[in-house]
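The residues making up each chain are set out below.
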Amino acid sequence: MKGRDSLAVRLGRVFQNQYRHFGFLDDAVLPFLKRKPMPLVCIVAPPRSGSTLTYQVLTAAFENSHLANLTNLLYATPAVGLLLQQSVCAGYETAYRSKMGFVDGICGEAEGLKFWSHWMGQGLMEDAASLDPEALSRLKGRLERVSGRPYITGYLGHAFSMELLRQTFDRVLFIHLKRDLLSNSYSLLKLSGQGMVSTVPAICREREYAGPHARVVDQIMQIHRIIERDSGNDTIQIAYEALCEEPDTVLKQIAEKASELGIALQQHKSIAPFEVSRVAAELNADTQKLAALIGGEHA
């Protein structure tokens with residue numbers, strides 16, 4: 001798989017559209033699998049906040065189960081998909097690279113739009129009426145038959161469904177990821193011009209904006225407000241920059257918070273630091289406009 005527009009990915013999408021009829025495969029294997037408690041570790045963040053790299057760091061560092069491109073492709077049979085992933089991807093090591101959130105390779109970490117929108121109803125647009133508690137409960141029951149390890153997810157739509165996840169899974173740790181707001185806004189502004197579809201709160205769809213700069217700043221701010229509104233004792237807030245500069249320190253903080261909630265996150269790999277890209281307000285006209293808007297938001 002080489003990018004979202006590659007032939008392999010396009011063929012995979014055609015396969016996905018037909019695969020929704022294959023749910024009977026899970027039903028065939030489930031009676032032979034014993035249920036094991038499986039906590040959820042969930043990254044909640046705005047788009048372009050560094051969530052994909054954070055997802056890769058967490059899945060590389062901790063003993064876990066998670067969604068890969070293979071299991072996203074086999075979304076209709078999550079038990080069969082995860083069993084295959086455990087076999088096919090046993091020796092996989094991430095390259096800590098992605099393009100607009102897409103990680104190449106059948107074993108590449110997947111955000112899982114198809115998977116999660118199918119199993120819980122939440123797409124990229126905030127829509128409480130679309131949530132499907134019964135389907136999410138069925139998903140939990142199927143995943144628990146395959147893995148008792150913490151299940152790590154980086155689906156950005158989870159920012160709009162924290163309470164449902166909390167009600168469904170026995171134990172949940174939410175990791176609220178924050179990135180420097182100017183860098184986050186500038187990155188989203190650039191990719192929005194390339195047609196990237198991202199998570200959008202309901203309130204943002206109702207508003208009229210003076211231009212794209214105001215839209216992306218408000219979009220990011222509103223997502224953070226939704227996450228903060230729905231956060232609780234099961235939520236830890238981390239800075240993307242700190243994760244890049246001192247990953248093992250932040251991973252230790254996450255593991256300690258998980259332990260408080262009865263979730264055993266066992267770190268089996270040390271992660272080297274990453275270079276952090278920050279945007280200066282003086283970079284260009286776009287960053288100047290964004291900085292002025294962000295200053296107004298915090299005034």
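Residues numbered from 1 in each chain as written. Predicted model: local features only at pLDDT ≥ 70, side-chain atom pairs only at ≥ 80, totals over all residues. Heavy atoms only, no water.

Turning next to helix H6 (residues 113–120). All of the buried residues in H6 are Phe115, Trp116, Trp119 and Met120. Projected onto a plane normal to the axis of H6, the buried residues spread over an arc of 85° and lie on a single side. On its buried face, H6 sits against helix H4 (69–73), helix H5 (78–88), helix H7 (133–143), strand E3 (151–153) and helix H8 (162–168). Note on H6: the residue one or two positions beyond its end, Gly121, has a positive phi of about 85°. (Buried < 20%, exposed > 50% of the residue type's maximum accessible area, 1.4 Å probe, protein only. Helix = DSSP H or I, 4+ residues; strand = E, 2+ residues; numbered from the N terminus. Arc of directions from axis to C-beta. Contact = heavy atoms within 4.5 Å.)

For strand E4 (residues 172–178), a buried count of six out of seven residues is recorded, marking the element as mostly surrounded by other parts of the structure. In this sheet, E4 lies alongside strand E1 (residues 40–44) in parallel orientation, the contact comprising five bridges. Each residue of the ladder has a partner; that of Leu40, found in E4, is Val172. As judged from the five bridges shared by E4 and strand E5 (residues 235–239), these two strands associate in the parallel manner. (Pairing = 2+ DSSP bridges.)

We now examine the sheet that holds E1. Overall, parallel pairing links the five strands, which are arranged E2-E3-E1-E4-E5 in an open sheet. Each having just a single partner strand, strand E2 (65–66) and E5 make up the two edges of the open sheet. Along the sheet, helix H11 (residues 212–230) makes contact with E1, E4 and E5, crossing E4 at roughly 150°. Taken strand by strand, helix H13 (residues 247–260) contacts E4 and E5, and its axis lies near 175° from that of E5. (Axes fitted to C-alpha atoms, helices over the stretch in contact; angles between N-to-C directions.)

What follows covers the state of the cysteines. Within this structure, the stated rule accounts for one disulfide. Bridging Cys89 to Cys107, the disulfide has an S-S length of 2.0 Å. Disulfide Cys89 to Cys107: torsion about the S-S bond roughly -85°, handedness left-handed. Of this pair, Cys89 sits in the loop between H5 and H6 while Cys107 is found in the loop between H5 and H6, placing the two residues 18 residues apart along the sequence. (Disulfide = S-S within 2.5 Å.)

Moving on, we get to the packing of H6 against H7. Packing of H6 against H7 brings their axes to within 6 Å, and their N-to-C directions diverge by 115°. Facing Phe115, Trp116, Trp119 and Met120 of H6, the residues of H7 in contact are Ala135, Leu136, Arg138, Leu139 and Arg142. Of the residues contributing to the contact of H6 with H7, the split by class is seven nonpolar, no polar and two charged. (Nonpolar A, V, L, I, M, F, W, Y, C, P; charged D, E, K, R; others polar.)

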